[in-house]
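These are the residues of each chain, in order.
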Amino acid sequence: MRMIAKFAKTGPARYVSQLDLLRAVQRAIRRSGLPVKYSSGFNPHQVIAFASAASVGLASEAEWMDVALCSDVSETVFFDALAPQMPPGLTLMEAHAVEDRYPALMSITAYADYLFTLSLSLPIAETDARDRLESLLAAPILAVKKGKAGPKEVDLRAFIASLDVASCIGDAVEVRGRLVHAPSGALNPELLLPKLTECLDADPARHHEILRTAFWIQNGEERAPLWCANPTTCRN
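A short tour of the structure in this document, coming up. Here the structure is a predicted model, which means the values were calculated and not measured.

What counts and how
Residues numbered from 1 in each chain as written. Predicted model: local features only at pLDDT ≥ 70, side-chain atom pairs only at ≥ 80, totals over all residues. Heavy atoms only, no water. Buried < 20%, exposed > 50% of the residue type's maximum accessible area, 1.4 Å probe, protein only. Helix = DSSP H or I, 4+ residues; strand = E, 2+ residues; numbered from the N terminus. Arc of directions from axis to C-beta. Contact = heavy atoms within 4.5 Å. Phe/Tyr/Trp six-rings, centres within 6.5 Å; stacked < 30°, edge-to-face > 60°. Lys NZ or Arg CZ within 6 Å of the ring centre and 35° of its normal.

## A closer look at helix 5 (residues 189–199)
Inspection of helix 5 places Pro189, Leu192, Leu193, Leu196, Thr197 and Cys199 among the buried residues, and these make up the whole buried set. Buried positions in helix 5, seen along its axis, are confined to an arc of 160° and lie on one side of it. Along its buried surface, helix 5 packs onto strand 5 (109–119), helix 4 (126–137), strand 8 (160–169), strand 9 (172–182) and strand 11 (209–219). Two residues or fewer past helix 5, Asp201 is found with a positive phi of approximately 55°.

## Some thoughts on the packing of aromatic side chains
Counted by the stated rule, this structure contains 2 aromatic pairs. An angle of 70° between the planes, with centres 6.3 Å apart, marks the rings of Phe7 and Phe50 as edge-to-face. With Phe7 in strand 1 (residues 2–9) and Phe50 in strand 2 (residues 48–50), this pair connects stretches of sequence that are 43 residues apart. As far as burial versus exposure is concerned, Phe7 and Phe50 are alike and both buried. Relative to Phe116, the ring of Tyr114 has its centre 6.4 Å away and its plane inclined at 45°; by these criteria the two rings are tilted. Considered together, Tyr114 and Phe116 belong to a single accessibility category, that of buried residues. Geometry around Tyr111 places Arg223 over its ring, the cationic atom sitting 4.4 Å from the centre.

## Some details on helix 2 (residues 75–82)
Turning to helix 2, its buried residues are Phe78, Ala81 and Leu82. Mapping the buried residues of helix 2 onto a view down its axis gives an arc of 85°, with all of them on the same face. Among the exposed residues of helix 2, those pointing more than 90 degrees away from its buried face are Thr76 and Asp80. Check the buried side of helix 2 and you find it contacts strand 1, helix 1 (18–32), strand 3 (59–68) and strand 4 (90–98).

Printed below as a string of C-alpha cells:
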C-alpha cells in the first residue's frame, strides 16, 4: 500500500533544499518505526516521492509526499507515528491511504494555489486592486524564463487560471492565484511576482511573500485533492 501525506514547510525549513528535505523525511520515517518499503539493489533506499519540488525559500502549507509501505497501516496509525518525528518547520497535516496502482503524484497534478502578500508604496482600495488585476489578465503577460536552452520569452497568462484579491488592508494586499502546475508545464510563482508588484504599485525595495496553499488534480470537470484521482479513493 501507499500513503499520500500532506505537510507544511514553513519558517527556516523553507530554505531547505529538496535533497535535504528528502533526507529529513527519511530520518523521520526511520524514527517512526513505520514499515516503509525499500528499493532493491546494492544501495536500497526508502521509496518516497514528492508531488513537486518547491523552490528554496518558498513557504508552503501544501507539500505532498507519497510513501510506499510494505504492510498495511491505517491512516491514523501512520499520522500518529510520523507527526511527532517530523523536524521543526515540517508539520504533518493529513494522511490518506491509496492502492499500490494509484498514479504518481507528479503525473496527476493540474493546479497549485498561492497567496502573494505584497507591501504597497501607497494604500489602495480593494476595488482598485481588483480592477488592476483584471487589466493585467486582459493582455499577454510576457516574462523571460530561463531554461536549459537559454532564456526564452513566455506568456504567463496561459498558465494563470485565476487571480483575485484576498485582502487589502493598509499598505498590504494579499492576492490569491491559481496557477497551472501540470506535467506538460507549470508556472513558477516567482516569475509572476514582479508582474504583480508592478501592477499593484508595490514597493520593489520591500520584501514580498509567496505561500503555496494547495495542490489540485482535474477529476473530470471538477478539481479535487491529490488523493482523489478516482471516486473509490476519495472517501471524505
